[in-house]
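Descriptive structure summary
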Amino acid sequence: MSSAATPGLLDFVVDRLEVGIFVVDPNMQVVLWNNFMVMHSGRSAAEVIGRNLFECFPELPQVWLEKKIRNVFLLKNYAFTSWEQRPYLFRFHHNRPVTGGVDAMQQSCTFLPVKGADQVVEQVCITLFDYTDTALYHRQLTSAITELEQEKAAQRHLIDQLEEAQNQLLQAEKLASIGQLAAGVAHEINNPVGFVNSNFGALERYVDSLFSLIDAYGSAEHAAEAPAIRQRIDYEFLKEDIAALFKESRDGLERVKRIVQDLRDFSRVDSSLEWQQTNLHTCLDTTLSVATNEIKHKADVVKLYGDIPEIQCLPSQLNQVFLNLMVNAAQAIAQHGTLTLATGAEADWVWVAISDTGSGIAPEHQKRIFDPFFTTKPVGKGTGLGLSVSYNIVAKHNGRIEVESELGKGTTFRIWLPVRQTQVDDAS
């Protein structure tokens, strides 16, 4: 390209760029005004060139803009201002829809030093880039992000409400289970309490007899009668029977204490949301103790416990799962059968299998057994929530439930649970 052709070509390019370009000298007089500036300002080059910029456009932010330009003269380096910091330099109209959300062309500006041969800044070239589209997209994006954040907050609130409702449902199902088992638990407690009470009646009679013997030995007047009293009360028998009554009563009270402790461990809510290291055999035994009266008349219990590690879990909630499955298993047995509790471990997983020799589940029902309120039991015999609640508890533990069932032969529910909970580790 020849040097002679360069000025004309530059003028051609400068006038046809969709960028505002104008140049000012140290006195703020305009020395160049391209076609973009003419079209958007409504002022021709002849009207502007040779005149002071701020006299032509008194609406400009003179203090700020003049300082910006003089800094370029002084520092000999370019400067920049973004539409995000200052939306526009000249208030030009834009051709976007009014609904676009901006009331003037959004401009980003550069301030370029124009240096002479001796590197002295002789002029400053200011360019105006139309960033209206970008500004519109940015506002739309910001609005969309705000809406998403609001939706996210609403969803978080809804999730919190659902979790609270689920916890309430879990507790309601647990209380319903306890209510269902209350008569059986009362019976289990009444048996030992009954014979302890009977033993105390016998002990009271024995003590009266012993006191009469002691009184005879302690009285000179009746000392001769003591051997006859000893024989009459059968002293040797009393010695043996009193010891036996105390042992039997102590065992009965221990049984009551164990039942009450198991019931408390099963139903406690204070630690229902606390993840703990737990041996599932303890959970199974506790739950079996609570449900024993529901099960013992229907099934013989077989325990096939394997060697399993402790796992991170919510033991009170898993107790609810085991109770639901044990009671369902007992109710599925028409006459008398077998309830098998088995455990094992594979890699980082522990499994618990609860099997019965009951009636089994029809194939068409197996896909629906975890649906809320679905039940194959007669009206009044089930809420249809037990397996649904159990499924959600296992899912909360990042586990799964597998079902194998055959009509007339029985059902096995196998629960797989991870040994460690990743989200618990991350939170700790």
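A few points on the structure.

Rules used throughout
Residues numbered from 1 in each chain as written. Predicted model: local features only at pLDDT ≥ 70, side-chain atom pairs only at ≥ 80, totals over all residues. Heavy atoms only, no water. Axes fitted to C-alpha atoms, helices over the stretch in contact; angles between N-to-C directions. Helix = DSSP H or I, 4+ residues; strand = E, 2+ residues; numbered from the N terminus. Parallel < 35°, antiparallel > 145°, perpendicular 65-115°, else oblique. Left-handed = near helix turned anticlockwise from the far one by under 90°. Contact = heavy atoms within 4.5 Å. Nonpolar A, V, L, I, M, F, W, Y, C, P; charged D, E, K, R; others polar. Phe/Tyr/Trp six-rings, centres within 6.5 Å; stacked < 30°, edge-to-face > 60°. Buried < 20%, exposed > 50% of the residue type's maximum accessible area, 1.4 Å probe, protein only. Lys NZ or Arg CZ within 6 Å of the ring centre and 35° of its normal. Pairing = 2+ DSSP bridges.

Regarding the packing of helix α9 (residues 280–290) against helix α11 (residues 315–332)
- Contact geometry of α9 with α11 gives a least axis separation of 9 Å together with a crossing angle of 55°. Looking at the two axes, α9 sits oblique to α11. In this structure, α9 meets α11 at a crossing whose hand is right-handed. For the pair α9 and α11, the contacting residues are Leu280, Cys283, Leu284, Thr287 and Leu288 in the first and Pro315, Leu318, Asn319, Phe322, Leu323 and Met326 in the second.
- Classifying every residue of the contact of α9 with α11 gives nine nonpolar, two polar and no charged.

A few points about the packing of aromatic side chains
- For the structure on display, the rule yields seven aromatic pairs.
- Measuring from centroid to centroid gives 6.5 Å for Trp64 and Phe111, while their planes differ by 75°, and the two rings are edge-to-face. Of the two residues, Trp64 is situated in helix α5 (residues 62–75) and Phe111 in strand β4 (residues 107–115); the sequence distance between them amounts to 47 residues.
- On the basis of relative accessibility, which here comes to 25%, the residue Trp64 falls in the partly exposed class.
- Among the aromatic residues, ring-to-ring pairing joins Phe22, Trp33, Phe57, Phe90 and Phe92 into one connected group.
- Lying over the aromatic face of Phe57, Arg43 brings its terminal NZ or CZ to 5.3 Å of the ring centre.
- We note Arg86 situated over the ring of Trp64; from NZ or CZ to the ring centre the distance is 4.0 Å.

Some thoughts on the sheet that holds strand β12 (residues 410–418)
- Strands sit in the order β7-β9-β10-β12-β11 across an open sheet of five strands; the sheet is mixed. Among the strands making up the open sheet, the edge pair consists of β7 (299–304) and β11 (400–406). Each strand of the sheet is rotated relative to its neighbour by a mean of 15°, with strand direction disregarded.

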